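Report on the structure
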Amino acid sequence: MDARGWVLKAVEALRFASEKEIARWLDEEGESFSRHELQRTLQQLLQEGVLELKNDLFRLKRKDGGGQAFERLFRD
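Heads up: these notes are all about the structure in this document.

The rules behind the values
- Residues numbered from 1 in each chain as written.
- Predicted model: local features only at pLDDT ≥ 70, side-chain atom pairs only at ≥ 80, totals over all residues.
- Heavy atoms only, no water.
- Pairing = 2+ DSSP bridges.
- Helix = DSSP H or I, 4+ residues; strand = E, 2+ residues; numbered from the N terminus.
- Axes fitted to C-alpha atoms, helices over the stretch in contact; angles between N-to-C directions.
- Parallel < 35°, antiparallel > 145°, perpendicular 65-115°, else oblique.
- Contact = heavy atoms within 4.5 Å.
- Nonpolar A, V, L, I, M, F, W, Y, C, P; charged D, E, K, R; others polar.
- Buried < 20%, exposed > 50% of the residue type's maximum accessible area, 1.4 Å probe, protein only.
- Arc of directions from axis to C-beta.
- Salt bridge = Lys/Arg side-chain N within 4 Å of Asp/Glu carboxyl O.

**A short note on the pairing of strand 1 (residues 51–54)**
Consecutive side chains along a regular strand alternate between the two faces of the sheet. Note: strand 1 against strand 2 (residues 57–60), four bridges, orientation antiparallel. Bridge pairing in strand 2 places leucine 51 opposite leucine 60. Taken together, strand 1 and the strand that follows it, strand 2, pair antiparallel across an intervening segment of two residues, in which asparagine 55 is found at a positive phi of about 50°.

Rendered as structure tokens:
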């Protein structure tokens, strides 16, 4: 698995996590990342819209499609 996959797995497992918590989780899983590599991967995922950052906590970005599909289906 690449760095992107490991970081996504960590955020998914932790739900809401700071950069330090993600690094600790990765270390516990035996995947040690340099601080620079982790920051670069997190920034890339933020730019792609996969993650969101609020109050220094990362989480998976919620998908908006379900509500829009519901509205289109039941529009009067």
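Now, onward.
**Details of the packing of helix 1 (residues 3–14) against helix 3 (residues 35–48)**
One can describe the packing of helix 1 onto helix 3 by two numbers: an axis separation of 10 Å at closest approach and a directional angle of 80°. Classified by the interaxial angle, the pair formed by helix 1 and helix 3 is roughly perpendicular. Note on element contacts: helix 3 touches helix 1 through Glu37, Leu38, Thr41, Leu42, Leu45 and Glu48, opposite Ala3, Arg4, Val7 and Leu8. Along the lines of polarity and charge, the residues of the contact of helix 1 with helix 3 split into six nonpolar, one polar and three charged.

**What about unusual backbone geometry?**
Backbone geometry places arginine 15, a non-glycine residue, at a positive phi of 70°. Mapping arginine 15 onto the fold places it in the loop between helix 1 and helix 2 (19–28). Backbone geometry at aspartate 56 places phi at a positive 65°, although glycine is not the residue there. Among the structural elements, aspartate 56 can be located in the loop between strand 1 and strand 2. When its relative accessible area of 62% is taken as the criterion, aspartate 56 is described as exposed.

**A look at helix 2**
Within the span of helix 2, buried status applies to Ile22, Trp25 and Leu26. The arc enclosing the buried residues of helix 2, seen along the axis, measures out at 100°, which places them on a common side. Exposed residues lying more than 90 degrees from the buried face of helix 2 are Lys20, Asp27 and Glu28. Note on helix 2: the residue one or two positions beyond its end, glycine 30, has a positive phi of about 85°.

**Considering the pattern of salt bridges**
As enumerated under the stated definition, the model contains two salt bridges in all. Its salt-bridge partner being glutamate 48, residue arginine 4 comes within 2.6 Å of it at the nearest N-O pair. Highlighted residues: arginine 4 in helix 1 and glutamate 48 in helix 3, separated in sequence by 44 residues. Residue class for arginine 4 comes out partly exposed when judged on its relative accessible area of 30%. Looking at glutamate 48, the relative accessible area reads 41%, which means it is partly exposed.

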